[in-house]
Amino acid sequence: MGSRVTVSRRLSALCAAVATAVVVAAPTGSAAAPAADPDRGTDPLVHQSDVMLTRHPHVGRTFVVDLAGVTPDHELLARTLQGVVNRSEARLYLVDSSPTAQYPGSDERVLDLYVREGLVDVAGRGSLEDALARYTGEVPGYVVADPAVDWSVNVATTVAASRGAVVATAATAPVLDALGIPEIDDVRGRYPNEVVAYWATAAAYRGRMDYKGLANQRPTLHAARDLYVQQGIFTLYTRPHRPSFLLLTMLTGTFPRGLTYYGYVSDTGPEEIVAVGALSILDQRLVPSDSATNMSFHLAVGADRPRAVVAPPDHSGVAPCTPDTVNVVIGITDGDNVVTSIKQFQEDRFWPSPRRGDLPLGWSMSPNLAVLAPALWDHYVRSATAADELVGMLGVAYQYPVVNRDARRFLEDSFALDDRLGMHTFWTLEPLGFSWWPDWYVYEAAAAAGHGPHLFLSGYDNLLGLLDTLRQPAIAASPGGTPVLVSMLPTYGFTSDQHAELIRDLVATPPAQRPRVTFFAATNWTTDVDGLVAALAPLRDEGVRFLTPGQATACMGEGP
């Protein structure tokens, strides 16, 4: 079984290389990434907000709709209605109280936080029908889609986003007709297949879209459509396993470089490598967001206040890390995914857990959270304990800079935004890690701009089974001397108890054969704070010393 997995991983790597090589031939467009608005200064946070968003609404008196029990067609209508209403003023917030909802109760928990902090005033609650009656006068019309045809919902979303309209189906159009809301377009049956549909829609609507980037959204998943309608974003769908992938990646290459690419791009690990590699070549800046809800609302809450900045910690008392001590850093993964920060981390077993602070942890966070959910970013910063370090996950987007010809600019933007927010550990997922030496130098060149991190974390695990072949060390240093901790073990998907067993193996390893500090990536999908504390805290009695990434930087001293 193990040999098959290794072969599969290496075949995946080969497929990724072939696919990305083909994608190089895709048109890359002539438009450069947008510069910061000179009227708003050169603050990295302002610049990133202008790169990501076209509309910056304020918050109004809020109406809350519970989607428990609604059909997918009604959810599609509700999400696009939210995007219309929240264009000028964020006033519509959606929750799902059903027990089968993803991350049950998280939307209510965040709303309660906003209300407690005086950021949101709830004016009322009701059903989708109540919201439609309330906001009828703000809806100019609807676009009809066929949910049974893959491309239809996304094409309708694009058309609706260009007009400030909602998306309906045969099941929901009568509701809108009864309210006097007119049909403005019907895309059903318009195109023979998804390639023709998306290319033709791009030709017809690209110039009408407020946002000049795009989103990749599964047609049956409606969570993020409020953002696409609010911001005016062109929406398509493809995956590496689909015949359309190459032609739709070529379409992506005709859009401007350096803009945010919303949604998501893959269904499996090997697909992720192919798709992210392709976007990296095109400098499309992926922000995983396809399952994040209420983004059109979150981005407005607290946006008019100064952002909280992580205070520099005092590590002056951190004792040196020596080989005779088992020194371990645990980082919780996937904070670059917007849904992780705004929903999953709000579950009782993560940030609100009473056990948070009992074990030093690195919490992966995208600096984009300060743009897409500024009040939540502030909450994480202000409520962190000394044992919680917010770690900059991937920078301004999920990319592999090694294949991006604009990598230096991408990394300069990322380092500057992390530094602006006070995050000084940078977690990267380069497929070949830092053994790929040319990659080191673009990181160093970007860091030389003055905002470089104090520590790099590299990888989630022994990605593709290649790190042993490349003889990559568990601790390294960049050419400029910045320390790097590399996740060497294939732990993605491990439980807290499995991590404990790996650390016990490390305790049993002779000191001369183990690194001074060992980095483990704890997957957010299979671990949580409660489980990590229960499984790992007892290991302190066996001689294990747990550190935040910043503490590890201090304990390693010069020249790791």
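The structure under discussion appears in the preceding block.
Here the structure is a predicted model, which is why all the values come from computation and not from measurement.

(A) Here's a closer look at the environment of His47. Counting through the fold element by element, His47 comes out in helix 2 (residues 44-52). Here the alpha-carbon distance between His47 and Asp413, two residues 366 residues apart in the chain, equals 9.1 Å.

(B) Focus on the sheet that holds strand 4 (residues 142-144). Strands sit in the order 5-4-6 across an open sheet of three strands; the sheet is parallel. Pairing within the sheet leaves two strands with one partner each, and these edge strands are strand 5 (166-168) and strand 6 (183-186). Taken pair by pair, the neighbouring strands of this sheet meet at an average axis angle of 30°, ignoring direction. Where strand 4 meets strand 6, three bridges bridge the pair, whose relative direction is parallel. Within strand 6, the position partnered with Tyr142 by the bridge is Glu183.

(C) Layout of the packing of aromatic side chains. Following the criterion strictly, the structure yields 17 aromatic pairs and no others. Seen from their ring centres, Phe345 and Phe350 are 5.5 Å apart, and the 40° between their planes marks the pair as tilted. We classify Phe345 as buried; its relative accessible area is 0%. A residue is classified by how much of its surface remains accessible, and Phe350, at 0% relative accessible area, is buried.

(D) Broad picture of the nonpolar core. By size, the foremost hydrophobic cluster in this structure holds 90 residues, and its most contacted members are Tyr262, Ile330 and Leu536. Take this core: its biggest share by element is six residues, from helix 16 (residues 407-421). Leaving out residues up to four positions away in the same chain, Tyr262 has contacts with Met52, Leu53, Tyr211, Leu214, Ala215, Asn216, Leu227, Tyr228, Ile233, Val287, Ser289 and Leu372. Ranked by size, the runner-up nonpolar core spans 57 residues in total, among them Ala160, Ala197, Leu248 and Met556.

(E) Inspection of the pattern of salt bridges at higher detail. With the rule as written, the count across this model stands at 28 salt bridges. One salt bridge in this structure joins Arg125 and Glu108, with 3.0 Å as the shortest N-O distance. Here Glu108 lies in helix 4 (residues 106-116) and Arg125 lies in strand 3 (residues 122-126), a separation of 17 residues in the sequence. Residue classification places Arg125 among the partly exposed residues on the basis of a relative accessible area of 47%. Taking the relative accessible area as the measure of exposure, Glu108 reaches 26% and is therefore partly exposed. For Asp283, the salt bridge identified is with Arg285, shortest N-O distance 3.5 Å. A single burial state applies to Asp283 and to Arg285, both of which are buried. Salt bridges sharing common partners tie together Arg257, Asp283, Arg285, Asp406, Arg409 and Asp413.

(F) The arrangement of the side chain of Gln231 in detail. Topologically, Gln231 is positioned in helix 9 (residues 225-231). Side-chain polar atoms of Gln231 contact the backbone nitrogen of Thr54, separated by 2.7 Å. Within polar-contact distance, the side chain of Gln231 engages the backbone nitrogen of Arg55 at 2.9 Å. Residue contacts for Gln231: discarding those within four places in its chain leaves Leu53, Thr54, Arg55, Asp210, Tyr211 and Leu299.

(G) Seen up close, the packing of helix 2 against helix 16. Remark: helix 2 packs on helix 16, axes separated minimally by 9 Å, with the N-to-C direction vectors making an angle of 125°. As the angle between them shows, helix 2 and helix 16 are arranged oblique. Handedness of the crossing formed by helix 2 with helix 16: left-handed. Of helix 16, the residues touching helix 2 (which contributes Pro44, Leu45, His47 and Gln48) are Asp413, Ala416, Leu417 and Arg420. Considering only residue class, the contact of helix 2 with helix 16 consists of four nonpolar, two polar and two charged.

(H) Quick look at the state of the cysteines. Evaluated as defined, the whole model comprises one disulfide. With its sulfur 1.8 Å from that of its partner, Cys321 forms a disulfide with Cys555. Disulfide Cys321-Cys555: the torsion about the S-S bond is -95°, which places it as left-handed. With Cys321 in the loop between helix 12 (295-298) and strand 11 (326-332) and Cys555 in helix 20 (residues 549-556), this pair connects stretches of sequence that are 234 residues apart. The two residues Cys321 and Cys555 agree in class, both being buried.

(I) View of the pairing of strand 2 (residues 89-95). In terms of burial, strand 2 is a largely internal element, six of the seven residues being buried. One ladder, built from six bridges, connects strand 1 (residues 58-66) with strand 2; its direction is parallel. Its bridge partner lying in strand 2, Val59 is registered against Ala90. As for the winding sense of the linkage, the β-α-β connection from strand 1 through helix 3 (residues 72-85) to strand 2 is right-handed.

(J) Representation of helix 4. Regarding helix 4, the residues found buried are Ser106, Asp107, Val110, Leu111, Leu113 and Tyr114. Within helix 4, the buried residues cover an arc of 155° as seen down the axis, which keeps them to one side. Just beyond helix 4, the residue with positive phi is Gly118, at close to 75°.

(K) Main features of the sheet that holds strand 10 (residues 285-288). Ordered by their spatial adjacency, four strands build an open sheet running 8-7-9-10, and the pairing between neighbours is parallel. Here the strands that pair on one side only, and so sit at the sheet edges, are strand 8 (234-236) and strand 10. For this sheet, the mean angle separating the axes of adjacent strands, direction not counted, is 30°.

(L) Looking closely at unusual backbone geometry. Phi at Tyr103 is positive, roughly 55°, even though this residue is not glycine. The buried category is assigned to Tyr103, whose relative accessible area is 11%. For Asp334, which is not glycine, the phi torsion reads 70° and is therefore positive. Structurally, Asp334 can be placed in the loop between strand 11 and helix 13 (338-342).

(M) Summary view of the pairing of strand 1. Here four bridges tie strand 1 to strand 3, and the two strands are oriented parallel to one another. Bridge pairing links Thr62 to Val122 in strand 3.

(N) Quick peek at the packing of helix 8 (residues 194-205) against helix 10 (residues 245-252). Orientation of helix 8 relative to helix 10, taken along the N-to-C sense of each, is 10°, at an axis distance of 10 Å. On the basis of their axis angle, the class for helix 8 and helix 10 is roughly parallel. Listed contacts from helix 10 to Glu194, Val195, Tyr198, Trp199 and Ala202 of helix 8 are Leu247, Leu248, Met250 and Leu251. Along the lines of polarity and charge, the residues of the contact of helix 8 with helix 10 split into eight nonpolar, no polar and one charged.

What counts, and where the lines are drawn
- Residues numbered from 1 in each chain as written.
- Predicted model: local features only at pLDDT ≥ 70, side-chain atom pairs only at ≥ 80, totals over all residues.
- Heavy atoms only, no water.
- Helix = DSSP H or I, 4+ residues; strand = E, 2+ residues; numbered from the N terminus.
- Pairing = 2+ DSSP bridges.
- Axes fitted to C-alpha atoms, helices over the stretch in contact; angles between N-to-C directions.
- Phe/Tyr/Trp six-rings, centres within 6.5 Å; stacked < 30°, edge-to-face > 60°.
- Buried < 20%, exposed > 50% of the residue type's maximum accessible area, 1.4 Å probe, protein only.
- Core = buried A, V, L, I, M, F, W, Y, C linked by side-chain atoms within 4.5 Å.
- Contact = heavy atoms within 4.5 Å.
- Salt bridge = Lys/Arg side-chain N within 4 Å of Asp/Glu carboxyl O.
- Polar contact = N/O pair within 3.5 Å; in protein donor to acceptor, adjacent residues only side chain to side chain.
- Parallel < 35°, antiparallel > 145°, perpendicular 65-115°, else oblique.
- Left-handed = near helix turned anticlockwise from the far one by under 90°.
- Nonpolar A, V, L, I, M, F, W, Y, C, P; charged D, E, K, R; others polar.
- Disulfide = S-S within 2.5 Å.
- Right-handed = clockwise from strand over helix to strand, strands pointing away.
- Arc of directions from axis to C-beta.

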